[in-house]
Amino acid sequence: APSRFSPASINGSSPCSRSRSSWSLIVRAFVVGIIRSDNNVDRLILFDIDGTLLSAAGAAGPPFRAALESVYGTAGPMEGYSFAGRTDPQIARELLELAGVEAQLVEARIDRVWELYLEGLRRSLDGARIHVLPGVRPLLDALEAERRAILGLLTGNVREGARLKLDAAGLGFD
């Protein structure tokens, strides 16, 4: 798949709602004017991944839970917890804090969580029904053809998790 997004553009969070129409997709892409060194103004267009570009059909939840349970013995109160608008690290820390796991222990073991989560996510995405949301491909094609538009990601996914989801959807990652 052709690469569309720069890895430097990954990380952050988006508190966007999860509407699936292509019109809301355009609205939900963050557009910021930037000035290049040659004084031309370009558009930096940043997209969230889950619910904006694609649906991962719940493929991330089970490996996320399994990684937390494997490392800490609990995943915390995931039922009823809102993942929207939060980063993966923030979600892990909040769930574990709610479960009573001490912050020092969380920090000491968090890297292992990401290793296990990404291993599980790879397996989960292989069998998942990932689909690109309506209007996304034509919009990305049009923006890619616009020489003054720079595409990027503003997502709460950990970097490799973002790459895995985009690759599974055939959207590419550079």
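Everything numeric in this text was worked out from a predicted model, so none of it was measured. (Residues numbered from 1 in each chain as written. Predicted model: local features only at pLDDT ≥ 70, side-chain atom pairs only at ≥ 80, totals over all residues. Heavy atoms only, no water.)

So, on to the overall build of the protein. Helix and strand content of the protein: 6 helices and 5 strands. Out of the 174 residues in the protein, the part that is buried amounts to 43%. Residue pairs at least 24 apart in sequence account for 74% of intrachain contacts in the protein once pairs closer than 6 positions are excluded. Of the roughly 9,000 Å² that the protein leaves accessible, carbon and sulfur atoms contribute 52%. (Helix = DSSP H or I, 4+ residues; strand = E, 2+ residues; numbered from the N terminus. Buried < 20%, exposed > 50% of the residue type's maximum accessible area, 1.4 Å probe, protein only. Contact = heavy atoms within 4.5 Å. Areas by Shrake-Rupley, 256 points an atom, 1.4 Å probe, with all protein chains shown as cover.)

Moving on: the environment of P77. Structurally, P77 is set in the loop between α2 (61-72) and α3 (88-98). Here P77 falls in the partly exposed class, since its relative accessible area comes to 37%. Remark: the alpha-carbon pair of P77 and E94, spanning 17 residues in sequence, is separated by 9.6 Å. With residues up to four places along the chain from it excluded, the contact list for P77 reads L95, L98 and A99.

What follows concerns the packing of aromatic side chains. If you walk through the whole model with that rule in mind, you get 5 aromatic pairs. Where W114 meets Y117, the ring centres are 6.2 Å apart and the plane angle is 80 degrees; that geometry is what we call edge-to-face. Taken together, the positions of W114 and Y117, both in helix α4 (residues 103-127) and 3 residues apart, correspond to about one turn of that helix. (Phe/Tyr/Trp six-rings, centres within 6.5 Å; stacked < 30°, edge-to-face > 60°.)

Turning next to the side chain of S55. With respect to the helices and strands, S55 occurs in strand β3 (residues 54-55). Judged by its relative accessible area of 13%, S55 is buried. At 3.3 Å, the side chain of S55 and the backbone nitrogen of A57 are in polar contact. (Polar contact = N/O pair within 3.5 Å; in protein donor to acceptor, adjacent residues only side chain to side chain.)

Listed as buried for helix α6 (residues 159-168) are G161, A162, L164, K165 and L166. Structurally, α6 contributes buried residues whose contacts are with β3, α4 and β5 (149-153).

Moving on, we get to the packing of α3 against α4. Interhelical geometry of α3 versus α4 gives an angle of 125 degrees and a closest axis separation of 11 Å. With respect to α4, the element α3 is oriented oblique. Between α3 and α4 lies a crossing whose hand is right-handed. In contact with D88, P89, A92, R93 and L96 of α3, α4 contributes V106, E107, I110, W114 and Y117. (Axes fitted to C-alpha atoms, helices over the stretch in contact; angles between N-to-C directions. Parallel < 35°, antiparallel > 145°, perpendicular 65-115°, else oblique. Left-handed = near helix turned anticlockwise from the far one by under 90°.)

Moving on: the packing of α4 against α6. For the pair α4 and α6, the least separation of the axes is 10 Å and the interaxial angle reads 10 degrees. One way to sum up the angle between α4 and α6 is to call them roughly parallel. Contacts between α4 and α6 involve Y117, L118, L121, R122 and L125 on the former and, on the latter, E160, G161, L164, K165 and A168. Here the contact of α4 with α6 is composed, by residue class, of 6 nonpolar, 1 polar and 3 charged. (Nonpolar A, V, L, I, M, F, W, Y, C, P; charged D, E, K, R; others polar.)

Now for the environment of D50. By secondary structure assignment, the location of D50 is in the loop between β2 (41-47) and β3. A sequence separation of 82 residues divides D50 from V132, and the C-alpha atoms of the two residues are 9.8 Å apart. Engagement of the side chain of D50 in a polar contact is seen with the side chain of N157, the distance being 3.1 Å. Within the structure, D50 has its side chain in polar contact with the side chain of K165 (distance 2.9 Å).

Mean pLDDT over the protein stands at 81; residues scoring 70 or higher make up 75%. Of all the helices and strands in the protein, helix α1 (residues 22-28) carries the lowest mean pLDDT, 42, while α2 carries the highest, 97. Taken as a whole, residues 6-28 scores under 50 in pLDDT and shows 64 contacts with residues more than four places along the chain or in a different chain. (pLDDT = per-residue confidence, 0-100.)

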